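Listed here are the chains, written in short residue letters.
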Amino acid sequence: MKAAKHKPVKAVEAQAQPASGLWVWLLGCFALLAALVAYWPAVNGPFVFDDEYLPFRDPGFLDTGIRSLSPTARPLMNLSFWLNLRFFGPEPFSYHVINVLLHFVNAGLVFLAIRKILEMAKVEENRRMLLAVFAAGVFLLHPVQTESVAYVAGRSESFSLLFFLSSFTLFLYKREGGIGWLPALGVIALFGAAFLSKEHTAVLPALLVWTDWWFAEKRPVETVRANWRLYAPMAAASVAGIWVVWRVLVEANTAGFGMKNLTWYEYFYTQWRAIWIYLRLFVLPVNLNADYGFPISHSPLDHGSLVGLLGLAVLLGGAFYYRKRFPLAFYGLVVFFLLLAPTSSIVPIKDAVAERRLYLPFLGLLLVICDFARTLTISRGSQVAAAGGILFVLGGLTYGRAEVWSDPVRLWQDTIAHSPGNSRAHFHLAMVYFEQQRYEEALKKFEDAAQTGQTEYTYTLLIDWGLTHDALGQTAKALEKFRAAAKIENTAHVHSLIGMCLAKLKEPGAALEELNQAIALDPGYDNGYTYRGNVYRMLNELQRAEEDYRKALAIKPNNQAAQQNLDAVLRQRGSGR
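Residues numbered from 1 in each chain as written. Predicted model: local features only at pLDDT ≥ 70, side-chain atom pairs only at ≥ 80, totals over all residues. Heavy atoms only, no water.

### Comments concerning the packing of aromatic side chains
Counted only if it meets this: Only rings of Phe, Tyr and Trp enter the pairing, Trp through its six-membered ring, and a pair is recorded when the two centres are within 6.5 Å. The plane angle decides the type: under 30 degrees is stacked, over 60 is edge-to-face, the rest tilted. Strands are runs of DSSP state E lasting at least two residues, helices are runs of H or I lasting at least four, and both sets are numbered from the N terminus onward. Buried, partly exposed and exposed residues are distinguished by accessible area as a fraction of the type maximum, computed with a 1.4 Å probe on protein chains only: under 20%, between the cut-offs, and over 50%, respectively.
Under the counting rule described, the total for this entry stands at 30 aromatic pairs. Their ring planes at 20 degrees and their centres at 5.8 Å tell us that F49 and Y151 sit as a pair that is stacked. You can see F49 sitting in the loop between helix 1 (9-43) and helix 2 (61-64) and its partner Y151 sitting in the loop between helix 6 (146-150) and helix 7 (155-174), a full 102 residues away along the chain. With respect to burial, F49 and Y151 carry one shared label: buried. Arranged with centres 6.4 Å apart and planes meeting at 45 degrees, the rings of F81 and Y95 form a pair that is tilted. Of the two residues, F81 is situated in helix 3 (residues 75-88) and Y95 in helix 4 (residues 92-120); the sequence distance between them amounts to 14 residues.

What follows is the structure, given as structure tokens:
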């Protein structure tokens, strides 16, 4: 009897590769579809919160954007906004779609990175793929990621992580036996791109050293030394990076050591509690909040900060104690704290808690989950079913959260429901009502914002509160708010508004006095001239009115009110332009 013929092993593997490749492509397509479905409500949403203050909202950004890019102001991220505006226009839809696509690509990089780390951790081959797919799926569909994806300003997270993960993944696949010059340069170049997208990625070198140290086959020092081709030039480049970071920390208004009313140690105490918020959001993603209004701890005992610190010490101590039993979990927990450190340690940031800050350190917590998941003894079919069920639930929660981010009214109503004492949330809801010309509802929310007792936004609140009264024709009440604002800050803006109201109340002499004061405070404030021109026009002093309108247009050529009033004056005087 003849022996059965068998195909060579290599031939079998060659036939299996196309099927495996097809499976990966199908999985990728399904993941992209899942991401688009989960975040779709927000994709169709408007710009919200600080989106309106992004550089591409400036009418002149398309013309001056590339020339005005600053090395200390996230130039690559702003370049992405410029390209977005250049090729797809100013509407929010394309910005949201690109955010989702960036998030999807990052999920793919998470898959590649975790699969390699699982291999380095000696996880069984038959478990690696499922664990890596599950981890990437959690990253893709976890509802806490909604802020980073749905919020256009959150692109700083996803865009910087794109380069950060690319650099880290390249390192993981090329580190063994000593990295060569070409991949080392690739790691450094990608790291530079990440850093020029957002400064918190400066922690990457520490992650690389920690990875080499923990997964060293021999002595950790020898493993780190073997990759000198990477670490030596990276250390040299860090000098420039330190200079950029220092400039940011000193010059920034909403972060850094120059912040008023928030010291580094108060922020440090506060983060002992804030880190537990992030851990809870990862494990139990409910009661998410666009603006936590998290109270500051002014001492270690304030708001139970010391208890939070002791809890963190127990957590890290326990992970260290069981590091041999759960080595990947210990490595992942250190990664989490390491990647969270730039925003949750001693560098003060205006908002003590923000969900988007979990985007970068999310990788570490995924590794913790993978270590515990690999110990499960249930069948592979049950593992797939459980993973699919969890991802389905996460996707549903993300869809619901994306619906909240799709509507600014709903977003701020939700925020107020979770933080009723948050003055800024009431203020932003009032501004949304104002923009929608729902002035009576705006007045109620301005009043609610004022009653919280917080004073950080009092000047701005009074200005916008007064403008709402003015929109309703309640000039006397508007004047009252503007005068109250002037007692807080003596600006050209507020004196111009006071002058505007006095003119409407038929007090041109008092109006001119206020407007002259505004122009004296800031000769470059265009509306000071516009409003003064209006008063001169009311007094039938058309020559002076024309001069002021022209001065306003010289300062701001797209001042529509000044242009329209100038045209009217020229018609009155019977002269052409």
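### Comments concerning empty space enclosed by the protein
The condition that has to hold: Cavities and pockets were defined on a 1 Å grid built over protein atoms only: a cavity is a set of grid points that admits a 1.4 Å probe from which the probe cannot escape, a pocket is an open set flanked by protein on both sides within 12 Å along at least five of seven lines, and lining residues are those with an atom within 4 Å of any such point. Grid points are joined across faces, edges and corners, and a volume is the space filled by probe spheres set on the points. Each residue is assigned to one class: nonpolar for Ala, Val, Leu, Ile, Met, Phe, Trp, Tyr, Cys and Pro, charged for Asp, Glu, Lys and Arg, and polar for all the others, Gly among them.
This model, assessed by the stated rule, comprises 3 cavities of 30 Å³ or more. Of the volumes computed, that of the largest cavity is approximately 40 Å³. Taken together, F49, A290, D291, Y292, D351, V353, A354, R356 and R424 form the lining of the largest cavity. Its residues placed into classes, the lining of the largest cavity shows 5 nonpolar, no polar and 4 charged.

### Considerations on helix 24 (residues 526-538)
Threshold: In this scheme, a helix's expected span is set at 1.5 Å multiplied by one less than its residue total. Note on definitions: a residue-residue contact is assigned when non-hydrogen atoms from the two residues lie within 4.5 Å.
Taking 1.5 Å per residue as the helical rise, helix 24 with its 13 residues ought to reach 18 Å, and the 19 Å between its terminal C-alpha atoms agrees with that figure. Of the positions making up helix 24, those classed as buried are D526, G528, Y529, T530, Y531, R532, G533, V535 and Y536. On its buried side, helix 24 packs onto helix 22 (492-504), helix 23 (508-521), helix 25 (542-555) and helix 26 (560-572). Backbone geometry just downstream of helix 24 places N540 in the positive-phi region, at approximately 65 degrees.

### Some thoughts on the confidence of the model for the protein
Detailed reading of the predicted model is not advised wherever pLDDT is low. Put simply, the rule is: pLDDT runs from 0 to 100 and stands for how confident the predictor is about each residue.
On average, the protein scores 90 in pLDDT, and the residues at 70 or more come to 91%. Low confidence marks residues 1-19, where pLDDT is under 50. Its contacts with residues over four positions away, or in another chain, come to 2 contacts.

### Structural notes on the nonpolar core
Just so we agree on the cut-off: Nonpolar core, defined: a set of buried Ala, Val, Leu, Ile, Met, Phe, Trp, Tyr and Cys residues in which side-chain atoms within 4.5 Å join the residues together.
In this structure, I114, F168, L230 and Y331 are the most contacted members of the largest nonpolar core, which totals 165 residues. The greatest single-element share of this core, amounting to 12 residues, is contributed by helix 4. Setting aside residues no more than four positions away along its own chain, Y331 makes contact with I117, F168, L207, W210, T211, W214, F215 and L367.

### Considerations on unusual backbone geometry
At N287, a position not held by glycine, the phi torsion is positive, near 55 degrees. Its location among the elements puts N287 in the loop between helix 12 (264-283) and helix 13 (305-321). Although it is not a glycine, Q437 sits at a positive phi angle of roughly 60 degrees. Looking at where Q437 falls in the secondary structure, it is placed in the loop between helix 18 (423-435) and helix 19 (439-451).

### Focus on the pattern of salt bridges
As a reminder, the rule being used: Whenever a carboxyl oxygen of Asp or Glu lies within 4 Å of a side-chain nitrogen of Lys or Arg, that contact is scored as a salt bridge.
In total, this model carries 20 salt bridges according to the counting rule given. Across the salt bridge formed by K116 and E119, the nearest N and O atoms sit 3.4 Å from each other. Of this pair, K116 and E119 both sit in helix 4, 3 residues apart, which is roughly one turn of the helix. Accessibility expressed as a relative area gives 35% for E119, which makes it partly exposed. Note that D291 and R424 form a salt bridge whose closest N and O atoms lie 2.7 Å from each other. Of this pair, D291 sits in the loop between helix 12 and helix 13 while R424 is found in helix 18, placing the two residues 133 residues apart along the sequence. Given the relative accessible area of 5%, D291 is considered buried.

### Describing the side chain of R128
Defined as follows: As used throughout, the charge tally considers Lys and Arg to be positive and Asp and Glu to be negative, leaving His and the chain termini uncounted.
Following the sequence through the fold, R128 ends up in helix 5 (residues 125-141). As a buried residue without a salt bridge, R128 has its nearest oppositely charged side chain in E119, at a separation of 4.3 Å. Setting aside residues no more than four positions away along its own chain, R128 makes contact with R115, L118, E119 and V123.

### Considerations on the layout of surface pockets
Its boundaries defined by the atoms lining it, the second largest pocket holds a volume of some 1000 Å³. Lining of the second largest pocket is provided by 34 residues; of these, L27, F30, A31, V133 and G137 occupy positions nearest its centre. For the lining of the second largest pocket, the elements supplying multiple residues, two or more each, are helix 1, helix 4, helix 5 and helix 16 (380-405). Ranked by residue count, the leading element in the lining of the second largest pocket is helix 1, at 12 residues. Tallied by class, the residues present in the lining of the second largest pocket amount to 27 nonpolar, 6 polar and 1 charged.

### Brief notes about the packing of helix 18 against helix 20 (residues 458-471)
For the record, the criterion: As a rule, the C-alpha atoms of each element are fitted with a line to give its axis, helices using only the stretch in contact, and angles between N-to-C directions run from 0 to 180 degrees. Between 65 and 115 degrees an angle is taken as roughly perpendicular, under 35 as roughly parallel, over 145 as roughly antiparallel, and anywhere else as oblique. Crossings are sorted by hand: turned counterclockwise from the far helix by less than a right angle, the near helix makes the crossing left-handed, and turned clockwise it makes it right-handed.
As a packed pair, helix 18 and helix 20 sit with axes 11 Å apart at the nearest point and diverge in direction by 30 degrees. Classified by the angle between their axes, helix 18 and helix 20 sit roughly parallel to one another. At the point where helix 18 passes helix 20, the crossing takes the left-handed sense. Seen from helix 18, the contacting residues are F427, M431 and F434; seen from helix 20, they are T460, L461, D464, L467, T468 and A471.

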